[in-house]
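Analysis of the macromolecular model
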Amino acid sequence: MADIQSVGVIGAGQMGNGIAHVAALAGLPVVLVDVNPAALEKALATIAKNMDRQVAKGGLDAAAKDAALGRITTGTEMAALDACDIVIEAATEREETKLAIFKSVSALLKPEAILASNTSSIPITRLAAATDRPERFIGMHFMNPVPVMKLVEIIRGIATSEETFAAVAALAERMGKTTAVAQDYPAFIVNRVLIPMINEAVQALQEGVGDVRSIDAAMKLGANHPMGPLELGDFIGLDTCLAIMRVLHEGMGDSKYRPSPLLVKYVEAGWLGRKAGKGFYDYAVTPPKPTR
C-alpha cells in the first residue's frame with residue numbers, strides 16, 4: 001500500500017479538530033466533515049487558537065501555522081471525503097452512531113482508502129464488519145488533547161491487513177506520535193486501566209471513603225498523578241466514562257466493571273464534567289468547587 005498522502009476526518013468536536021490539527025501540521029491535506037456547519041466554524045477557530053499557542057511557545061513558526069491552516073478544508077457532506085487515502089471517524093462514543101457513519105461513508109470512498117475509528121473502547125472487528133473493507137479498517141485511538149498527547153493506540157481488527165497496519169503506523173509517526181499496539185479487546189490498553197480507576201474513585205466517593213478533594217489530593221500527592229481521578233473524569237466527560245464502563249461490563253461479563261451508580265446518577269443529571277460546566281466540580285466558580 002502506498003504512503004497515506006491525504007486525510008479525512010469525520011466529526012469536528014474536540015477529538016476531530018485535534019486530529020485535523022496534527023495531520024495538517026504534518027504536511028497532509030485534510031478534509032474535515034461534520035453535519036453541523038457551526039461545529040466546523042468552531043473547529044477551525046479552535047485549531048487556529050491552539051496553533052497560535054504553539055507559536056507563542058516557540059514550537060511553531062507563523063508561516064508553518066498559516067500553511068497548515070491552508071491545508072484544511074471543510075464540508076457537511078460525506079462525499080467530500082471521496083479522494084482521501086484514509087478517513088478517521090471521530091464521532092461521539094456511541095456504537096450505533098459510528099456504525100451508521102461507516103455504512104454511509106464506505107460506498108463513497110475509493111476502493112483502496114483506509115477507514116479508521118478513533119473509538120476509545122468499541123471492538124474494531126465489530127465496527128469493521130459494517131463496512132465494505134474490513135481488511136482496510138483499523139482502530140486509531142488518539143489521546144486528548146490530541147496536539148499535546150504523544151500516544152496513539154493502534155488496534156487491529158481480526159481482518160485488518162498487515163499493509164493497512166503498516167500504513168497507519170507510518171501515518172502516526174509522521175504526525176509525531178508514539179504508537180502502542182493494542183489487541184482488540186474492550187477498551188484496549190489505556191481505557192481498560194484508566195476508566196475503571198476513575199469508576200472506583202466515584203464508588204469510593206459514593207461510599208464516603210473520602211470527599212472529592214480528599215480523593216483527588218490522595219492520588220495526586222500519594223501516587224504522583226498530575227490530575228486526580230474525579231478531576232480527570234470531569235475532563236474526559238462523565239458520559240464518555242460511563243459509556244466505556246458499559247462497554248467493559250458488557251464485553252468482559254465481569255461484575256468488577258459495573259458502572260458506579262453515582263456515575264450513572266451524575267450523567268442522568270446532565271452533570272457531565274467540564275464541557276457541561278458541572279460534574280464532580282462546579283466550573284462556574286474559580287477555583288472550581290466540589291459538588292459533593
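Residues numbered from 1 in each chain as written. Predicted model: local features only at pLDDT ≥ 70, side-chain atom pairs only at ≥ 80, totals over all residues. Heavy atoms only, no water.

**Some words on the overall build of the protein**
Our working rule: Each helix is a run of H or I in the DSSP string that is no shorter than four residues. Each strand is a run of E no shorter than two, and both are numbered from the N terminus. Two things to know: the radius of gyration comes from C-alpha atoms, and the globule rule equals 2.2 Å times the number of residues to the power 0.38. For the exposure calls, accessible area comes from a 1.4 Å probe over protein chains only, and a residue counts as buried if that area is under 20% of its type's maximum, exposed if over 50%, partly exposed in between. In what follows, residue pairs with any heavy atoms lying within 4.5 Å of each other are defined as contacts. Each accessible area is a Shrake-Rupley estimate made with a 1.4 Å probe; only the visible protein chains count as cover when residues are assessed. Positive charges come from Lys and Arg alone, negative charges from Asp and Glu alone, with His and the N- and C-terminal ends not counted. A charge is said to be at NZ when it belongs to Lys, at CZ for Arg, at CG for Asp and at CD for Glu.
Each helix and strand in the protein was counted, giving eleven helices and ten strands. The C-alpha atoms of the protein give a radius of gyration of 19 Å, which matches the 19 Å a tight globule of 292 residues would have. Along the first, second and third principal axes, the C-alpha set of the protein runs to 55 × 45 × 30 Å. The burial tally for the protein puts 48% of its 292 residues in the buried class. Taking the contacts inside the protein whose residues are at least 6 apart along the sequence as the reference set, 66% of them involve residues at least 24 apart. Counting only carbon and sulfur atoms, one obtains 55% of the accessible surface of the protein, whose full area is about 13,300 Å². In the protein, 29 positive and 32 negative side-chain charges are present, and the distance between their average locations comes to 6 Å.

**Focus: the sheet that holds strand E4 (residues 86–89)**
Let me state the cut-off plainly: Note: two strands are recorded as paired if DSSP finds a minimum of 2 bridges between them. A fitted line through C-alpha atoms serves as each axis, taken over the contacting stretch for helices, and the angle formed by two N-to-C directions is quoted from 0 to 180°.
What the eight strands build is an open sheet, ordered E3-E2-E1-E4-E5-E6-E7-E8; its pairing is mixed. If you trace the sheet from one side to the other, it starts and ends with strand E3 (72–75) and strand E8 (178–182), each paired once. Each strand axis lies, on average, 25° off the axis of its neighbour in the sheet, ignoring direction. The sheet contact formed by strand E6 (residues 137–142) and strand E7 (residues 151–156) spans five bridges and is antiparallel. Paired with Ile138 across the strands is Arg156, a residue of E7. Along the sheet, helix H2 (residues 37–56) makes contact with strand E2 (30–33) and E3, crossing E3 at roughly 165°. The sheet strands contacting helix H4 (residues 95–106) are strand E1 (7–10), E4, strand E5 (114–117) and E6, and the helix crosses E5 at an angle near 170°.

**Side note on the nonpolar core**
Short version of the rule: What makes a nonpolar core is a set of buried Ala, Val, Leu, Ile, Met, Phe, Trp, Tyr and Cys residues whose side-chain atoms join them at distances within 4.5 Å.
Membership of the largest hydrophobic core comes to 39 residues, with the highest contact counts inside it found for Val7, Ile86, Ile88, Met140, Phe142, Leu171 and Met175. Ranked by residues supplied to this core, first place goes to helix H1 (residues 14–25) with six residues. Sequence-distant contacts of Leu171, defined by excluding residues within four places in its chain, comprise Ile4, Val7, Leu28, Ile86 and Met140.

**Topic: the UniProt feature "site: Important for catalytic activity" (unreviewed entry) in the protein**
Stated formally: UniProt positions are given in the numbering used here, feature names are shortened, and annotations may be inferred rather than shown by experiment. Within 3.5 Å is the distance limit for a polar contact, defined as a pair of N or O atoms, with the added protein rule that one can donate a hydrogen and the other accept it, and that residues adjacent in sequence qualify only through two side-chain atoms.
Following the UniProt record, one finds the feature "site: Important for catalytic activity" (unreviewed entry) at His141. Position of His141 relative to the elements: it lies in strand E6. If sequence neighbours within four positions are ignored, His141 has contacts with Ser117, Asn118, Thr119, Ser120, Leu151, Val152, Glu153, Ile155 and Asn191. One polar contact links His141 to Glu153, side chain to side chain, over a distance of 2.7 Å.

**A look at the pairing of E8**
Sheet faces and side chains relate simply in a regular strand, where the side chains alternate between the two faces. Selection rule: Seen with its strands pointing away from the viewer, a crossover is right-handed when the path leading from the first strand over the helix to the second is clockwise.
Bridge count for E7 against E8 is five bridges, and the pairing is parallel. Bridging across to E8, Ile154 finds its partner in Val181. Handedness of the crossover is the feature at issue here: the chain leaves E7, passes through helix H6 (residues 162–174), returns alongside E8, and the resulting connection is right-handed.

**Side note on the domain arrangement of the protein**
Heads up, the condition is: The split of the chain into domains comes from an automatic or database domain assignment. Summed over both partners, the accessible area lost on bringing two parts together, with a 1.4 Å probe, is the buried area. By convention in these notes, a salt bridge is any Lys or Arg side-chain nitrogen within 4 Å of a carboxyl oxygen on Asp or Glu.
Parsing the protein into structural domains produces domain 1 (7–183) and domain 2 (191–283). A straight line from the C-alpha centre of domain 1 to that of domain 2 covers 27 Å. Across the interface of domain 1 and domain 2, roughly 550 Å² is buried in total on both sides, 55% from carbon and sulfur atoms. For the pair domain 1 and domain 2, the number of links is zero salt bridges. At the boundary of domain 1 with domain 2, the tally comes to one residue pair in polar contact (both at pLDDT 80 or more).

**Examining the side chain of Thr160**
Examined against the element boundaries, Thr160 turns out to sit in the loop between E7 and H6. For Thr160, the side chain forms a polar contact with the main-chain oxygen of Phe137, separated by 2.7 Å. Of the polar contacts made by the side chain of Thr160, one reaches the backbone nitrogen of Gly157; its length is 2.8 Å. Filtering out sequence-adjacent residues up to four positions away, Thr160 remains in contact with Pro134, Glu135, Phe137, Ile138 and Phe165.

**Considerations on H2**
This is how the line gets drawn: A helix is expected to span 1.5 Å multiplied by its residue count minus one. Our arc is simply the arc of the directions from the helix axis toward the C-beta atoms.
Between its first and last C-alpha atoms H2 spans 29 Å; for 20 residues at 1.5 Å apiece the expected length is 28 Å, and the two agree. If you check which residues of H2 are buried, you get Ala39, Leu40, Ala43, Ile47, Asn50 and Met51. Take H2 and look down its axis: the buried residues cluster within an arc of 105°, on one side only. Away from the buried face of H2 by more than 90 degrees, exposed residues Glu41, Lys42, Lys49 and Ala56 are located.

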